[in-house]
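# Architecture at a glance
Chain by chain, the residues:
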Amino acid sequence: QVQLVESGGGLVQAVGSLRLSCAASGRFFSSVAMGWFRQVPGKEREFVAGISWNSRNKNYRDSVKGRFTISRDNVKKTASLEINRLKPEDTAVYYCAATFSSDFYYVSEKYAYWGQGTQVTVSS
């Protein structure tokens, strides 16, 4: 079993930066892929970034490429999302998620474990 707790959200001005963290508990963190998703009211949860168990494979949605960086530390059992040059359209609740697979998926249904989410609000 994996339990996830996000932190690091907040209110920032456009072009600012944030670092979201996801702390995991459980024995299997180092062998499972992680993903970051986001959701705004009335819309489906969308994939933001994913990272494989050994960090060799990463990918991002097109709108965040070059601005977001996903990383993980399997010793500390943490996953992070560095967000730079924030835009108002990045405003959402951000969730980290873990999947049983060693590589990440782009769809939320493939993830078995979710954190509670952290709000990111970007003002223009």
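Residues numbered from 1 in each chain as written. Predicted model: local features only at pLDDT ≥ 70, side-chain atom pairs only at ≥ 80, totals over all residues. Heavy atoms only, no water.

### A short note on the state of the cysteines
Evaluation of the coordinates by the stated rule reveals one disulfide. What pairs with Cys22 in a disulfide is Cys96, and their sulfur atoms sit 2.0 Å apart. Around the S-S axis, the bridge from Cys22 to Cys96 shows a dihedral of about 60° and counts as right-handed. Of this pair, Cys22 sits in strand β3 (residues 18-25) while Cys96 sits in strand β9 (residues 92-98), and the two are 74 residues apart along the sequence. Grouping residues by exposure puts Cys22 and Cys96 together as buried. (Disulfide = S-S within 2.5 Å. Helix = DSSP H or I, 4+ residues; strand = E, 2+ residues; numbered from the N terminus. Buried < 20%, exposed > 50% of the residue type's maximum accessible area, 1.4 Å probe, protein only.)

### What about the packing of aromatic side chains?
All told, the structure shown has nine aromatic pairs when counted by the stated rule. Between Phe104 and Tyr106 the ring centres are 5.4 Å apart and the planes differ by 75°, which places this aromatic pair in the edge-to-face class. On the basis of relative accessible area, Phe104 is assigned to the buried category, the value being 8%. Taken together, the ring pairs in this structure connect Phe37, Phe47, Tyr95, Phe104, Tyr106, Tyr111 and Trp114 into an aromatic cluster. Note that Arg72 overlies the ring of Phe29, its terminal NZ or CZ placed 4.6 Å from the centroid. (Phe/Tyr/Trp six-rings, centres within 6.5 Å; stacked < 30°, edge-to-face > 60°. Lys NZ or Arg CZ within 6 Å of the ring centre and 35° of its normal.)

### Observations concerning the sheet that holds β3
As summarised here, the arrangement of the four strands in space is β1-β3-β8-β7, forming an open sheet in which the pairing is antiparallel. Since the sheet does not close on itself, it has two edges, and those belong to β1 (3-7) and β7 (68-73), each with one partner. Sheet twist, expressed as the mean angle between neighbouring strand axes with direction ignored, is 15°. In the sheet, β1 pairs with β3 via five bridges, with the strands oriented antiparallel. When the sheet's bridge partners are listed, Gln3 is paired in β3 with Ser25. (Pairing = 2+ DSSP bridges. Axes fitted to C-alpha atoms, helices over the stretch in contact; angles between N-to-C directions.)

### Things to note about the side chain of Glu6
Its location among the elements puts Glu6 in strand β1. There is no salt bridge for the buried Glu6, and the closest opposite charge comes from Arg45, which lies 7.4 Å off by N-O distance. A distance of 2.8 Å separates a polar side-chain atom of Glu6 from the backbone nitrogen of Cys96. Polar side-chain contacts of Glu6 include one of 2.9 Å to the backbone nitrogen of Gln116. When near neighbours in sequence (up to four residues on either side) are disregarded, Glu6 contacts Ser21, Cys22, Trp36, Tyr94, Tyr95, Cys96, Gly115, Gln116, Gly117 and Thr118. (Lys, Arg positive; Asp, Glu negative; His and termini not counted. Salt bridge = Lys/Arg side-chain N within 4 Å of Asp/Glu carboxyl O. Polar contact = N/O pair within 3.5 Å; in protein donor to acceptor, adjacent residues only side chain to side chain. Contact = heavy atoms within 4.5 Å.)

### What to know about the pattern of salt bridges
Per the counting criterion, the structure on display carries six salt bridges. Two residues, Arg38 and Asp90, come together in a salt bridge whose shortest N-O distance is 3.0 Å. Of this pair, Arg38 sits in strand β4 (residues 34-39) while Asp90 sits in the loop between β8 (78-83) and β9, and the two are 52 residues apart along the sequence. Note that Glu46 and Arg61 form a salt bridge whose closest N and O atoms lie 3.5 Å from each other.

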